[in-house]
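# Architecture and fold: a report
The chain contents come next:
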Amino acid sequence: MNATALPSGAIGTPFDHQQSAHCESGAISSLLRHQGLPMSEPMAFGISAGIGFAYLPFIKFGGLPLFAYRLPPGQVIRGLTKRLGIRMHTRRFKRAADGMDALDACLTAGRAVGVQASAYWLTYFPPDMRFHFNAHNLVVHGKRDGNYLISDPVIDIRVECEAEALQKARFTRGVLAPKGLLYYPEYIPSKMDLPGAIRSAIRRTTNLMLYTPAPIVGVRGIRMVARKVRKLDPRDEHGNKLLLGHIVRMQEEIGTGGAGFRFLYASFLQEAAEVLDRPRLADLADRLTDVGDEWRSFALDAAKMCKDRMPMDYALLADQLQRCADAEDSIFRQLRAAAK
Amino acid sequence: MKKDEVPQQNAKAFMGHDKLLYAQDSDGRYTRVPSSGWEAEEIVLDQAIAEFERQAADAWRRAKTGQGSTLEYHMFQERMDLVLLAQSTGYFKWRVRRHLKPGVFRNLPARCRERYAEALGKTPEQLDTLPDQPSAQPPDPSPYQSPLQSDNS
């Protein structure tokens, strides 16, 4: 492992910082690598069956509905560790002081720890990227002079954070409140059924995308959003622009690896094709990449329309979403058969 | 997306740093590719920030003329809204809505003020003041530009 040595006078453990696309899959895969288990971010994301789609009009962010391109926070770690038989140590805290003491105790014991925190109060984030999102994940691996040494999965360099700021970020209240959550792998089995885990995860993902009995989830959810966009009232252009901008942000901005996790999942399918020795999965990875490109062209057009660089055309955007839905419908059906 | 199609448009929000994308190399193999920013993302990010700034400026004007409370300004200044502030204090929405009225806020007991101050990361005294200019920027400047430890960049 090419982990850089700790700075002198620090407690903790050297940690190999590798930037990831998504915070949760990045944090858990780097923690597993730290313990000697080779695990790429796409593989972790794929086995967790993290990809998905859901349109949740009853959950509001700043008055706008939630568009999720993946399972809720926490499910990546849960899905991955469950399928591989890894046991995690997880703890939440009532009192902030206890949470900070427990973190320090882990570092003194030479352990790297995954931590859930609000992105807004982490002072090392660029100001424009600081939003009230409570389910950001990062790895704390050391402490020096009251500052924590952090490997934040979505940031390209190692960072530090003052104890006060980290405490505030770990103990914000509200939806998905972190409650000081910290975690690390406690037991990693020496033998794992990787092909079995991959097949089970693909079954779960295709189930979610194709057969969820709710019209707001999976391929049907994408179709519903397409219908909704087609029927937007042209008189409320300011509101519509906020909605479209919001969809694009959920899709591209919040550590998705591009195209709402579609590229990340395609990368997983390529790895899975080799593990299972089924070249068919690699073909499907290429097709999913094409859908990802369609999602990206939707994002670019919608953004340009928001900025009046392109005439507002709801039907055009709806057609693009419709094409994504149709293509994903066909891909996930074939994937289900190919991974049997 | 091919590796050479990964946008490199130096988004100012990234402050010279990169995010990571997954893209295909010339053989079609997926690989990790840093991206310095993309037009589409930059537009929607600016839009979201502009909306925060618009809300903060409106609240600032209302507070200045006595139509609104300084608490309302500080709520928007910290990029929150009624729902978020209610969630992060644990108060019901109707109660927060009431506390946002200037007359009610002025007579709020210290206990409540402290709760708001804590949720907004400020001191109770700061909640009473109004800056010369409205802003929707996090208060403490980010040390991101001069990373404390850039050994691997």
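Please refer to the structure higher up on the page.
Residues numbered from 1 in each chain as written. Chains lettered and ligands numbered in written order. Predicted model: local features only at pLDDT ≥ 70, side-chain atom pairs only at ≥ 80, totals over all residues. Heavy atoms only, no water.

### Description of the interface of chain B and chain A
Between chain B and chain A, the contact holds 57 residues from the first and 61 residues from the second. Here chain B meets chain A over a buried area of about 5200 Å², counting both sides, of which 55% is carbon and sulfur. There are two salt bridges connecting chain B and chain A. Across the salt bridge formed by B:Arg29 and A:Glu274, the nearest N and O atoms sit 3.1 Å from each other. Our count for the chain B to chain A interface comes out at 20 residue pairs in polar contact (both at pLDDT 80 or more). (Contact = heavy atoms within 4.5 Å. Buried area = accessible area lost by both parts, 1.4 Å probe. Salt bridge = Lys/Arg side-chain N within 4 Å of Asp/Glu carboxyl O. Polar contact = N/O pair within 3.5 Å; in protein donor to acceptor, adjacent residues only side chain to side chain.)

### Quick look at the packing of helix H4 (residues 96–108) of chain A against helix H5 (residues 163–170) of chain A
Residues and elements named next belong to chain A. Taken N-terminus to C-terminus, the directions of H4 and H5 make an angle of 120°; their axes are 10 Å apart at the nearest point. Of the two possible hands of crossing, H4 and H5 adopt the one that is right-handed. Of the residues in H5, those in contact with Ala96, Gly99, Met100 and Leu103 of H4 are Ala163, Leu166, Gln167 and Arg170. In the contact of H4 with H5, the residues fall into five nonpolar, two polar and one charged. (Axes fitted to C-alpha atoms, helices over the stretch in contact; angles between N-to-C directions. Helix = DSSP H or I, 4+ residues; strand = E, 2+ residues; numbered from the N terminus. Left-handed = near helix turned anticlockwise from the far one by under 90°. Nonpolar A, V, L, I, M, F, W, Y, C, P; charged D, E, K, R; others polar.)

### Side note on the pairing of strand S2 (residues 30–35) of chain B
Two faces, one strand: in a regular strand the side chains alternate between the faces of the sheet. All names here are of chain B. By the bridge criterion, six bridges tie strand S1 (residues 19–24) to S2 in an arrangement that is antiparallel. Bridging across to S2, Leu20 finds its partner in Pro34. Counted between consecutive antiparallel strands, the loop separating S1 from S2 contains five residues, among which Gly28 sits at a positive phi close to 85°. (Pairing = 2+ DSSP bridges.)

### Some words on the pairing of S1(B)
Buried residues dominate S1(B), accounting for six of its six residues. Residues B:Lys19, B:Leu21 and B:Ala23 of S1(B) are buried on one face, and the alternating residues B:Leu20, B:Tyr22 and B:Gln24, pointing to the opposite face, are buried as well. (Buried < 20%, exposed > 50% of the residue type's maximum accessible area, 1.4 Å probe, protein only.)

### Digging into the packing of aromatic side chains
Residues and elements named next belong to chain A. If you walk through the whole model with that rule in mind, you get 12 aromatic pairs over all chains. Look at Tyr69 and Trp295: their rings are 5.4 Å apart centre to centre, the planes differ by 80°, and that puts the pair in the edge-to-face class. One end of the pair, Tyr69, is in strand S3 (residues 64–70); the other, Trp295, is in helix H10 (residues 279–306), with 226 residues separating them in the sequence. Taken as a pair, Tyr69 and Trp295 share a single burial class, namely buried. With a centroid separation of 5.5 Å and 35° between ring planes, the pair formed by Tyr124 and Phe125 is classed as tilted. Note on Phe125: relative accessible area 7%, which makes it buried. Through successive ring pairs, a cluster of aromatic residues spans Phe53, Tyr69 and Trp295. Lys168 extends its terminal NZ or CZ atom over the ring of Trp121, reaching a point 4.8 Å from the ring centre. In this arrangement the basic side chain of Arg249 is found over the ring face of Phe131, its NZ or CZ atom lying 4.5 Å from the centre. (Phe/Tyr/Trp six-rings, centres within 6.5 Å; stacked < 30°, edge-to-face > 60°. Lys NZ or Arg CZ within 6 Å of the ring centre and 35° of its normal.)

### As for the pattern of salt bridges
Any two side chains of opposite charge can pair, so long as their charged atoms come close to each other. Summed over the entire model, instances satisfying the criterion amount to 26 salt bridges over all chains. Across the salt bridge formed by B:Asp58 and B:Arg54, the nearest N and O atoms sit 3.6 Å from each other. Taken as a pair, B:Asp58 and B:Arg54 lie in helix H1 (residues 39–64) at a separation of four residues, close to a single helical turn. By relative accessible area, which is 25% here, B:Asp58 ends up partly exposed. According to the relative accessible area criterion, B:Arg54 is partly exposed, its value standing at 40%. Residue B:Lys122 is joined to B:Glu78 by a salt bridge in which the shortest nitrogen-to-oxygen separation is 3.4 Å. Here B:Lys122, found in the loop between helix H6 (110–119) and helix H7 (124–128), pairs with B:Glu78, found in the loop between helix H2 (70–77) and helix H3 (82–89); they are 44 residues apart in sequence, far enough to count as distant. Both residues of the pair, B:Lys122 and B:Glu78, belong to the buried class. Bridged by salt links that share partners, the residues A:Arg223, A:Asp326, A:Asp329 and A:Arg333 form one connected network.

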